[in-house]
Number of protein chains: 2
Amino acid sequence: MINFTVGPVQSTEEVRKIGAENVPYFRTQEFSEIMFENERLMKKFAFAEENAKVVFLTGSGTASMEAAVMNVLTKNDKALIINGGSFGQRFVNICKIHKIPYYEIKLEAGQNITQKELEEIPNEDFSALLVNANETSTGVHYDLQLLSDFCKEHSMTFIVDAISSFLADIIDMKTMGIDVLMTGSQKALACPPGISVMVLSEKAVNKIYANEVESLYFDLKPALEDAKRGQTPFTPAVGILLQINARLKAIDEAGGVEAEHRKIAALADDFRNKIKGMPFEIFTEALSPAVTPVRPTSAKAYDIFLTLKDEYGIWICPNGGELSDIVFRVGHIGDLTIEDNDKLIEALQDMQKRGLV
Amino acid sequence: MINFTVGPVQSTEEVRKIGAENVPYFRTQEFSEIMFENERLMKKFAFAEENAKVVFLTGSGTASMEAAVMNVLTKNDKALIINGGSFGQRFVNICKIHKIPYYEIKLEAGQNITQKELEEIPNEDFSALLVNANETSTGVHYDLQLLSDFCKEHSMTFIVDAISSFLADIIDMKTMGIDVLMTGSQKALACPPGISVMVLSEKAVNKIYANEVESLYFDLKPALEDAKRGQTPFTPAVGILLQINARLKAIDEAGGVEAEHRKIAALADDFRNKIKGMPFEIFTEALSPAVTPVRPTSAKAYDIFLTLKDEYGIWICPNGGELSDIVFRVGHIGDLTIEDNDKLIEALQDMQKRGLV
C-alpha cells in the first residue's frame, strides 16, 4: 500500500528499524539524554525562544489540545476560537467542557480568516486565541500572520494546533508570539502515532505553574518538573520517542525545517500540477503543503477512496461527516516521493477511463 | 541488553517485526476487524462476561486509572482504596483530584491485605473498592479473593488495576465480580508502551453512560460508541494495537492465559530458587509471578541496578523514592527464558565475588 493520508503516514527505513528493536528501560541517564536532544530539536524547528519548554505527552493530538486548554487557560480567560471545521470545533468542545468562556468565529468549510471576520467580533477583552494552523479536515491553512498581529495588538495568549502543520509549514513561534505550539508523532514527524508534543513559551510555562488543573494525567506541572531531568511522570511511549529522536536528527542533518518544508511543498506542487485537467477541484482557499483537499466533480469522494484502497493499493484520506461524499484529501507528508505521486495519478487516470472519477 | 524490568519488557520477534512496518491507515473496515478481535481476546483472557466491553486508550496505564475513576465513580460514591505503595497512592491522588469521597487502607510496603484490616475500617456505606492487583512498586500481590468476597457482600463496584498482573496472574472478572480491569501494552502483553486497556463489566458500562465527565479525551462514552464499529474517537497508537493483536493471537494459539501464566510462574520460581543462599531477601509477603522484589542484605539496591546496567548489559528494575537503596525488582514478564535468568544469576554471582552485592 502507498499511504497518502494525513496520518499515520509512511516512515523512513531508519525510523522503522527502531520499531523492530526491543524498547529499552527508560528510567536511565541514557534515555534522559535522548529526551534532552528531542527538546532541543523541537525548539529549534519551532523557532522557540531560549526559555521555551517542551512536553511530550503519551496520547493522541487531542490529548495535547485538551491539556493546553486546561493548563494554560482559566475560567477568567476569554478565548477566541477560529472554527472552520472539525478540529476548530474540537477546541470549542474542549473550552465548553472546561468552562473556559469563549467566542467562536465560524467559517465555512475551506474558508480562510481575514481582517473582516476579526472586525466583526464582539467588542470584548479577549485574552487568548485558539487556532488550528492547518484545519486538517478541509486543508485550509489559516493566515497565521494576521492572527499573530491581532494577538500582539491585544496582548493575547496565542495557542496554535500545528498538529498537521509542523514541519510542513515554517512557523516561527518567537517572531509570531506563539505561546503553545502542538504537533503529533504521526504527522510530518512521520513516526507511529502515540505521542503528541507541546512547545511552550516562557509565558505559557508561567501560566501553567500558576494554574490548578483537575487532572493527574494532564497536569503539566509534574511533566515540566520531570522534563528538567529528561523524564516523564508516567511510562511514556518510549519506542516512539526514540523514533522521534532519529527523525529529528535526520531532519537536522538534511538541512532542518526549511529543507523539510521544501521537500513537502515540492510534492504538493507536483501533485497539484498533475491533477490539472482532471475532473477535480481544489476545495480550499488557502493551502498548506501538508495536504490537498480535492472535490471530485463527477464522482463521490468516498467511493474514490474505497476503489483506490481495494483495487489499486493506495490510501488517500477520506473525509468524515457531511463532507464524506464531497471531499477527499491527499497528504504530502511522510516518506513519499514524486514517483509515488505518479502512481496515484496513474491510478486516478485509470479510474477516469473506467468512468469511476 | 537483557531486560528484567517490569516494563517496557522484551517483545517476541513477531511483535517486533510489526514495529518495523509502516503503520497503516486505520479508518477502514480492515482495522475495525483487528479491533474486534482485540476486544474478543481481551475479554476471553480476562474471563469477562458476554456483555463486557473493552476500551483501548492511547496513553500510559495511569491514563486508564484516571479514566476509570472519572467515568465509573461520582461524587456520590464512597471509595475504599487499598494503599500499600506508590500505585495505591496514585488511586488516592486521582480520587482526591476528582473529589470522589474515599477512605484509604494504608498498608506497610510489602504487606498483604487481610480480614483484620477490612474489619477495622469505619462503619460506612462504601460503594466501590479500588485496588492494584499487583502493587508493582513492591511486588505485593493482594488477596483478590478476600476483596472480591468483601465487594460482593457489600454490593460494591470493584475496580482492579491489573496493569502488571494481567496474564501473569489468572484473574476471573466474572467469578470475582470485577467491574473494571486495567492493563498496559508494555507489561505482560509485551508490546511497546503507549496503549492502556480497560475491560468493563456491563455494570461499569451502564455507570459510564449515566455519568457526565468533564473531559473530552477521557470521556469513555464516545469510546464505547466508536468501539461498536471497531474504531476510536481519536487517532490511536495504531502500530501498538496491531502488535497487541499479534500477541493476543499468539497467546491464544499457545494455550491461552493459563499457559502464559504457567510460563511466567516457571520463570519466577526458577529465579527465586536460584537466589537462595545469596545475600538477598524477598521483600514482600505475597508475590505475583510477574515480579520478585529483592532486598539486598549487604549492598545498596540502586548501586546493583547501575552496575548491572553499565558493566553486565542487564536491566533490572530500580525502585524510586524511599525504597531506592533498599529494594530492586526483577520482572518475569516479556520474552524471557531460563537462560536469561542464568545470565542474571551469573552476573550477580560475579558481583558477589567482587564484593558488590
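For the structure, see preceding data.
These lines cover the structure that appears in this document, whether it is placed above or below.

How each quantity is defined
Residues numbered from 1 in each chain as written. Chains lettered and ligands numbered in written order. Predicted model: local features only at pLDDT ≥ 70, side-chain atom pairs only at ≥ 80, totals over all residues. Heavy atoms only, no water. Helix = DSSP H or I, 4+ residues; strand = E, 2+ residues; numbered from the N terminus. Rg over C-alpha atoms; globule rule 2.2 N^0.38 Å. Buried < 20%, exposed > 50% of the residue type's maximum accessible area, 1.4 Å probe, protein only. Contact = heavy atoms within 4.5 Å. Areas by Shrake-Rupley, 256 points an atom, 1.4 Å probe, with all protein chains shown as cover. Lys, Arg positive; Asp, Glu negative; His and termini not counted. Charge placed at Lys NZ, Arg CZ, Asp CG, Glu CD. Expected span 1.5 Å × (residues − 1). Pairing = 2+ DSSP bridges. Axes fitted to C-alpha atoms, helices over the stretch in contact; angles between N-to-C directions. Disulfide = S-S within 2.5 Å. Least-squares fit on C-alpha atoms with pLDDT ≥ 70 in both. Polar contact = N/O pair within 3.5 Å; in protein donor to acceptor, adjacent residues only side chain to side chain. Buried area = accessible area lost by both parts, 1.4 Å probe. Salt bridge = Lys/Arg side-chain N within 4 Å of Asp/Glu carboxyl O.

With respect to the overall build of chain A
Across its full length, chain A holds 13 helices and 15 strands. Over its C-alpha atoms chain A spans a radius of gyration of 20 Å, differing by no more than 12% from the 21 Å that the globule rule assigns to 357 residues. Expressed along its principal axes, the backbone C-alpha trace of chain A runs to roughly 60 × 55 × 35 Å. Split into buried and exposed, the 357 residues of chain A put 65% on the buried side. When contacts within chain A are restricted to residue pairs at least 6 apart in sequence, long-range pairs at least 24 apart make up 71% of them. Accessible surface, chain A as shown: approximately 13,000 Å² in total, 47% of it carbon and sulfur. Looking at charge distribution, chain A has the averaged site of its 36 positive side-chain charges lying 2 Å from that of its 51 negative ones.

Considerations on helix H13 (residues 338–353) of chain B
Residue and element names in this part refer to chain B. When the terminal C-alpha atoms of H13 are compared, their 23 Å separation across 16 residues agrees well with the 22 Å that a helix rising 1.5 Å per residue should span. Among the structural elements, strand S1 (2–3), helix H11 (256–274), strand S11 (280–282), helix H12 (301–312), strand S13 (314–315) and strand S15 (328–331) are those in contact with the buried residues of H13. Where H13 ends, the next residue or the one after it, Gly355, has phi of about 75°, a positive value.

Notes on the sheet that holds strand S15 (residues 328–331) of chain A
All names here are of chain A. Overall, antiparallel pairing links the four strands, which are arranged S11-S12-S15-S14 in an open sheet. Since the sheet does not close on itself, it has two edges, and those belong to strand S11 (280–282) and strand S14 (317–318), each with one partner. In this structure, strand S12 (residues 291–296) lies alongside S15, joined through four bridges in antiparallel fashion. Bridge pairing links Val294 to Phe328 in S15. Helix H11 (residues 256–274) rests against S11, S12 and S15 of the sheet, and its axis sits at about 15° to S12.

A closer look at the state of the cysteines
Residues and elements named next belong to chain A. What the rule picks out here adds up to zero disulfides over all chains. Among the cysteines around Cys95, which has no disulfide bond, Cys151 carries the closest sulfur, lying 14 Å off. Cys95 gets classed as buried once you look at its relative accessible area, which sits at 0%.

Let's talk about the relation of the copies chain A and chain B
Superposing chain A onto chain B takes a rotation of 180° combined with a translation of 0.0 Å along the rotation axis, leaving an RMSD of 0.0 Å. On the angle and the small slide along the axis, the relation comes out as a two-fold axis. Comparing interface residues between copies, 100% of those in chain A also sit at the interface in chain B, which points to an isologous, same-surface contact.

Describing the side chain of Gln186 of chain B
With respect to the helices and strands, Gln186 of chain B occurs in the loop between strand S9 (180–184) and strand S10 (195–200). Look at Gln186 of chain B and you get buried, because its relative accessible area is 5%. Among all residues touching Gln186 of chain B, those that are not within four sequence positions of it are Thr235 of chain A together with Val6, Gly7, Pro8, Val9, Cys191, Pro192 and Pro193 of chain B.

Things to note about H11 of chain B
Residue and element names in this part refer to chain B. Compared with the 27 Å implied by 1.5 Å per residue over 19 residues, the 28 Å span of H11 between its first and last C-alpha is a close match. When we look at burial in H11, the residues that qualify are Gly256, Val257, Ala259, Glu260, Ile264, Ala265, Leu267, Ala268, Asp270, Phe271 and Arg272. Close packing links the buried residues of H11 with helix H2 (29–45), helix H10 (238–253), S11, strand S12 (291–296), S15 and H13.

Concerning the pairing of strand S5 (residues 128–132) of chain B
Residue and element names in this part refer to chain B. Within S5, five of the five residues are buried, which leaves it mostly tucked inside the rest of the structure. Two strands pair when backbone bridges link them, and S5 and strand S8 (residues 157–161) are joined in this way by five bridges, in the parallel orientation. Opposite Asn132, over in S8, you have Asp161 as the bridge partner.

Observations concerning the side chain of Asn3 of chain A
Residues and elements named next belong to chain A. Mapped onto the elements, Asn3 comes out in strand S1 (residues 2–3). Residue classification places Asn3 among the buried positions, given a relative accessible area of 2%. Within the local environment of Asn3, its side chain forms a polar contact with the side chain of Thr5, the two groups lying 2.8 Å apart. Separated by 2.7 Å, the side chain of Asn3 and the backbone oxygen of Pro8 make a polar contact.

Points about the interface of chain A and chain B
In this complex, chain A contributes 53 residues to the contact, which on the side of chain B involves 53 residues. Carbon and sulfur atoms supply 61% of the area buried between chain A and chain B, which totals about 4,000 Å² over both sides. Where chain A meets chain B, there are four salt bridges. Between Lys309 of chain A and Glu30 of chain B there is a salt bridge; the shortest N-O distance is 2.9 Å. At the boundary of chain A with chain B, the tally comes to 18 residue pairs in polar contact (both at pLDDT 80 or more). Of all the elements in the fold, those that place two or more residues in the side of chain A that touches chain B are helix H1 (13–19), helix H3 (61–72), helix H4 (86–97), helix H10 (238–253), helix H12 (301–312) and S14 of chain A.

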